[in-house]
Amino acid sequence: MGRKLLLEHIDVPGIETFEVYRREGGYRSVEKALKTMSPQEVVEEVQKSALKGRGGAGFPTGMKWSFLAKPEGIPRYLVCNADESEPGTFKDRYLMEKIPHLLIEGMITSSYALGANTSHIYIRGEYMFVLDILEKAIAEAYEKGFLGKNILGSGYDLDLYVSPGGGAYICGEETALLESLEGKRGNPRMKPPFPAVKGLFGCPTVVNNVESIAAVVPIINIGADEYLKIGTEKSSGTKLISASGNLVRPGVYEIELGLSVEEFIYGDEWCRGIANGKKIKACIPGGSSVPILPAHLITKTAAGETRYMSYESLSDGGFASGSMLGSGGFIVFDEDQCIVRNTWNFARFYAHESCGQCSPCREGTGWMEKVLYRLEHGQGNMRDIELLEQINKKIEGNTICPLGDAAAWPVAAAIRHFREEFEWHVTNPQEAQTRNYGLLKVTETL
Amino acid sequence: MVSTHELQGAKPPFSDERLKEVQAIISKFPEGRQKSALIRVLHMAEEDFGGWLSQETMDYVASLLDIQPVEVYEVATFYTMFNMEPTGQFVFEVCRTGPCMLVGSDQIIEHIKNRLGITKVGETSADGIFTLKTSECLGACGYAPMLQCGKVFHEHLTPEKVDQLIEDYRAKYAQLKNQN
Ligand SMILES: Cc1cc2nc3c(=O)[nH]c(=O)nc-3n(C[C@H](O)[C@H](O)[C@H](O)COP(=O)(O)O)c2cc1C
Ligand code: SF4
Ligand code: FES
């Protein structure tokens, strides 16, 4: 079931080439926009489609576009966020690797809408092989007259470039990304000014996720009215989900928003259930920064209603009993997994990735990692659990960028839903050290 | 031990062809914003000059981009991909983050340590061929466990696959050594 708007042609051999992509109907949105629509009309269409940003925060794309400042004589930029570093997320890579022209087409149509004549794709450095694929595709697009001067005789010019990062999760945060693109350390900027007013090189800039930009293509092709019919009332369209962890069939799936979580995990067309015949213990539905859900809250909400893969249903119950769709990084834990160990693992990630600019984040993420390490290795006490909650409160809302919150929330959620397991690590230190739920004991110390 | 440096015998400057690439990268950015090329040029420098960034290399990159050496140092040390010390010829970077751990990245790390005869992540095998590192999520969570070596992602790892990989890279190393 479900319509495919982005991955419809993914299995066509040669779809990574201009020729095949074009034959399958590629670059029609560019023709339609440049020949029959004004930039403002493209913006309005995207606004009407109710597309929510696919990078994690879910901010309406059309609204973001409408905020872009347009002072005379100053260039404007569209920057594509292909940093994709949120643990559990690998959909942007899939899209760019398999069907690079879809992103390029989206960049052209979107840049036209925003009045940008130079646009950049910032891709994480570890995806250097994907950068090569993109540059090859971009060269083809130039050759065919879809990039460069006077595209399709419309008088519209666009140059499109790709630049790599150097390995830093924080560069996915839009202002850190802009710093990095300017050749600096990835330290997030204070806001305001927002990028829409002062972004790349001090000029008005829109930063959008790969998938958001790709989604502009079907929106222009089928029109916002048609797009709105797909998905749910509050979550229009389709979404790429990166499924990982203990699943029979992990991978990238395009779902119609509103598919039931149960169908997604167990359905034949999707993940086909939990690997090795085990039961599900927990799920992080939207990338490592969103709250973890225990088994009883994954397929049903606290009120006993069916849980759906949509922005509103996954967040039903707020942080008390819900989570978030986030980036769509859907991580599944089987019954043998240790929540404390996983919480420590992610805390280590955030401590490693904090840019160090604000003390609550720099120090707090480090403390959380240490305390969780103690608990996981049977060296903790009950007060450590309270201590984690206190550190959390000190970080939350006290930092320049949301990485601090992203580090604090998952720990709070893990304690909320799995407190007994944390306590068990305190009361059974011997066992906590030796029993690792099927995982090898880590032999290295901190 | 043959160090990477000896093997590839490379120090600045870039070849003429590479210098043209650098110019092309600089030209993507507005006048006076040539610093924007820095990260990409550092990747190129690492590739061409022995797999790590020596002070000599960084100073050279600074002169190429007409920026202060310190501007290069602070960027090189911020990003985790850049090696600030010499490494083995091949660096295995095993992802250790949650989704990979759920399906056994810890075992893969242990297995590599045993096979290479090293005790800690970060060490280089005695023959100088391999350095083992860990990394945070590399965007391959659905194909885990995985490791990155150079530009290549090796996915769906098992201990047997790792053994094969080590063998393949050893053969590649022997080939490189013969060419030199
Ligand atoms: C720490 C941190 C990391 C982020 N990483 C990414 C990322 O890898 N990719 C992404 O598209 N957005 C990421 N974001 C969100 C971006 O700041 C920004 O909201 C997004 O690129 C906007 O695109 P969208 O509106 O199309 O979703 C991150 C945010 C934070 C705070
Ligand atoms: S919250 Fe953390 S990552 Fe964000 S700016 Fe502050 S120190 Fe850096
Ligand atoms: S967690 Fe290892 S690739 Fe994502």
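A quick note: this is a predicted structure, and the numbers were derived from the prediction, not measured. (Residues numbered from 1 in each chain as written. Chains lettered and ligands numbered in written order. Predicted model: local features only at pLDDT ≥ 70, side-chain atom pairs only at ≥ 80, totals over all residues. Heavy atoms only, no water.)

### Some points on the sheet that holds strand β1 (residues 90–95) of chain B
Residues and elements named next belong to chain B.
- As summarised here, the arrangement of the 4 strands in space is β2-β1-β3-β4, forming an open sheet in which the pairing is mixed. The strands lining the two open edges of the sheet, one partner per strand, are β2 (130–135) and β4 (152–154). Within the sheet, the average angular offset between the axes of one strand and its neighbour, ignoring direction, is 25°.
- As paired strands, β1 and strand β3 (residues 147–149) are joined by 2 bridges and run antiparallel to one another. Paired with V94 across the bridge in β3 is L147. (Pairing = 2+ DSSP bridges. Helix = DSSP H or I, 4+ residues; strand = E, 2+ residues; numbered from the N terminus. Axes fitted to C-alpha atoms, helices over the stretch in contact; angles between N-to-C directions.)

### Some words on the site of ligand 2
- Near ligand 2, the surroundings consist of 13 residues, among which C355, Q357, C358, C361 and C401 of chain A are the closest.
- Residue classes in the shell around ligand 2 are distributed as 8 nonpolar, 5 polar and no charged. (Near = heavy atom within 4 Å. Nonpolar A, V, L, I, M, F, W, Y, C, P; charged D, E, K, R; others polar.)

### Remarks on the packing of aromatic side chains
Residues and elements named next belong to chain A.
- All told, the structure shown has 29 aromatic pairs over all chains when counted by the stated rule.
- The interplanar angle of 40° and the centroid separation of 4.6 Å between the aromatic rings of Y27 and F146 together place this pair among those described as tilted. Within this pair, whereas Y27 is found in the loop between α1 (18–23) and α2 (28–36), its partner F146 is found in the loop between α7 (128–143) and β3 (159–164), the two being separated by 119 residues in sequence. The same class applies to Y27 as to F146, namely buried.
- The ring of Y127 has R124 lying over it, and the distance from NZ or CZ to the ring centre is 5.4 Å.
- Seen from the ring of W344, R348 lies directly overhead, with NZ or CZ sitting 5.0 Å from the centre. (Phe/Tyr/Trp six-rings, centres within 6.5 Å; stacked < 30°, edge-to-face > 60°. Buried < 20%, exposed > 50% of the residue type's maximum accessible area, 1.4 Å probe, protein only. Lys NZ or Arg CZ within 6 Å of the ring centre and 35° of its normal.)

### A closer look at the site of ligand 1
Residue and element names in this part refer to chain A.
- In the vicinity of ligand 1 lie 18 residues, with G55, N81, N208, N209 and S212 positioned nearest.
- With respect to ligand 1, the backbone of G55 contributes an N or O atom lying 2.7 Å from an oxygen atom.
- At 2.9 Å, a side-chain N or O of N81 approaches an oxygen atom of ligand 1.
- Summarising the interface, the protein chains cover 90% of the accessible area of ligand 1, which totals 610 Å² for the free molecule.
- Partitioned by chemical class, the residues of the shell around ligand 1 number 4 nonpolar, 8 polar and 6 charged. (Polar contact = N/O pair within 3.5 Å; in protein donor to acceptor, adjacent residues only side chain to side chain. Areas by Shrake-Rupley, 256 points an atom, 1.4 Å probe, with all protein chains shown as cover.)

### So, the interface of chain B and chain A
- Facing 45 residues of chain B, the contacting portion of chain A comprises 63 residues.
- Both sides together, the interface formed by chain B and chain A hides about 4400 Å², and carbon and sulfur atoms give 58% of it.
- For the pair chain B and chain A, the number of links is 5 salt bridges.
- Where chain B packs against chain A, one counts 23 residue pairs in polar contact (both at pLDDT 80 or more).
- For the side of chain B that touches chain A, the elements supplying multiple residues, two or more each, are α3 (38–48), α5 (69–78), α6 (98–102) and α7 (105–116) of chain B.
- Classifying every residue of the side of chain B that touches chain A gives 20 nonpolar, 12 polar and 13 charged. (Contact = heavy atoms within 4.5 Å. Buried area = accessible area lost by both parts, 1.4 Å probe. Salt bridge = Lys/Arg side-chain N within 4 Å of Asp/Glu carboxyl O.)

### So, the pairing of strand β1 (residues 77–82) of chain A
Residues and elements named next belong to chain A.
- With 6 of its 6 residues buried, β1 lies for the most part within the structure.
- By the alternation rule, side chains of β1 split into Y77, V79 and N81 and L78, C80 and A82, which are all buried.
- Two strands pair when backbone bridges link them, and β1 and strand β2 (residues 118–123) are joined in this way by 6 bridges, in the parallel orientation. Looking across to β2, one finds that L78 is bridged to S119.
- Pairing geometry for β1 and strand β4 (residues 205–209), over 5 bridges, is parallel. Each bridged residue has a counterpart across the sheet, and for L78 the counterpart in β4 is V206.

### Let's talk about the pattern of salt bridges
Residue and element names in this part refer to chain A.
- Evaluation of the coordinates by the stated rule reveals 40 salt bridges over all chains.
- E211 is paired through a salt bridge with R54; the nearest N and O atoms lie 3.9 Å apart. One end of the pair, E211, is in helix α9 (residues 210–222); the other, R54, is in the loop between α3 (39–49) and α4 (61–66), with 157 residues separating them in the sequence. This pair shows no difference in class: E211 is buried, exactly as R54 is.
- When the shortest N-O distance is used, the salt bridge between E179 and R189 registers 2.7 Å. In this pair, E179 is assigned in helix α8 (residues 174–181) and R189 in the loop between α8 and β4, connecting sequence segments 10 residues apart.
- By relative accessible area, E179 is classed as buried at 14%.
- Through salt bridges with shared partners, one network takes in R54, K91, D92, E211 and K239.

### Digging into the environment of P100 of chain A
Residue and element names in this part refer to chain A.
- By secondary structure assignment, the location of P100 is in helix α6 (residues 100–114).
- As for P100 and E16, which are separated by 84 residues in sequence, their C-alpha atoms are 6.0 Å apart.
- With near-sequence residues (within four places) excluded, P100 lies in contact with E16, L95, I133, L134 and A137.

### Observations regarding the environment of R307 of chain A
All names here are of chain A.
- Among the secondary structure elements, R307 is positioned in the loop between β9 (293–294) and β10 (308–309).
- Expressed as a C-alpha distance, the spacing of R307 and R54, which sit 253 residues apart in the sequence, is 20 Å.
- One polar contact links the side chain of R307 to the main-chain carbonyl oxygen of D316, over a distance of 3.1 Å.

### Concerning a negative patch on the surface
Residues and elements named next belong to chain A.
- There is a patch of like negative charges on the surface, built from E262, E263, D268 and E269.
- Among the structural elements, D268 can be located in the loop between α11 (261–266) and β8 (280–284).
- On the basis of relative accessible area, D268 is assigned to the exposed category, the value being 61%. (Patch = residues over 30% accessible without salt bridge, like charges linked within 9 Å, V, L, I, M, F, W, Y side chains within 5 Å. Lys, Arg positive; Asp, Glu negative; His and termini not counted. Charge placed at Lys NZ, Arg CZ, Asp CG, Glu CD.)

### Focus on the packing of helix α16 (residues 382–395) of chain A against helix α17 (residues 403–427) of chain A
All names here are of chain A.
- α17 packs onto α16 with a crossing angle of 170° between their chain directions and a minimal axis gap of 10 Å. The pairing of α16 with α17 is recorded here as roughly antiparallel in orientation. Contact residues: M382, I385, E386, L388, E389, N392 and I395 in α16; G404, D405, A408, W409, V411, A412, I415, R419, F422, E423, V426 and T427 in α17.
- Considering only residue class, the contact of α16 with α17 consists of 11 nonpolar, 3 polar and 5 charged. (Parallel < 35°, antiparallel > 145°, perpendicular 65-115°, else oblique.)

### Some points on helix α15 (residues 359–376) of chain A
- For α15 of chain A, which comprises 18 residues, the first-to-last C-alpha distance of 25 Å matches the rise-based estimate of 26 Å (1.5 Å per residue) to within 8%.
- Within the sequence span of α15 of chain A, burial applies to C361, G364, T365, G366, M368, E369, V371, L372, Y373, L375 and E376 of chain A. (Expected span 1.5 Å × (residues − 1).)

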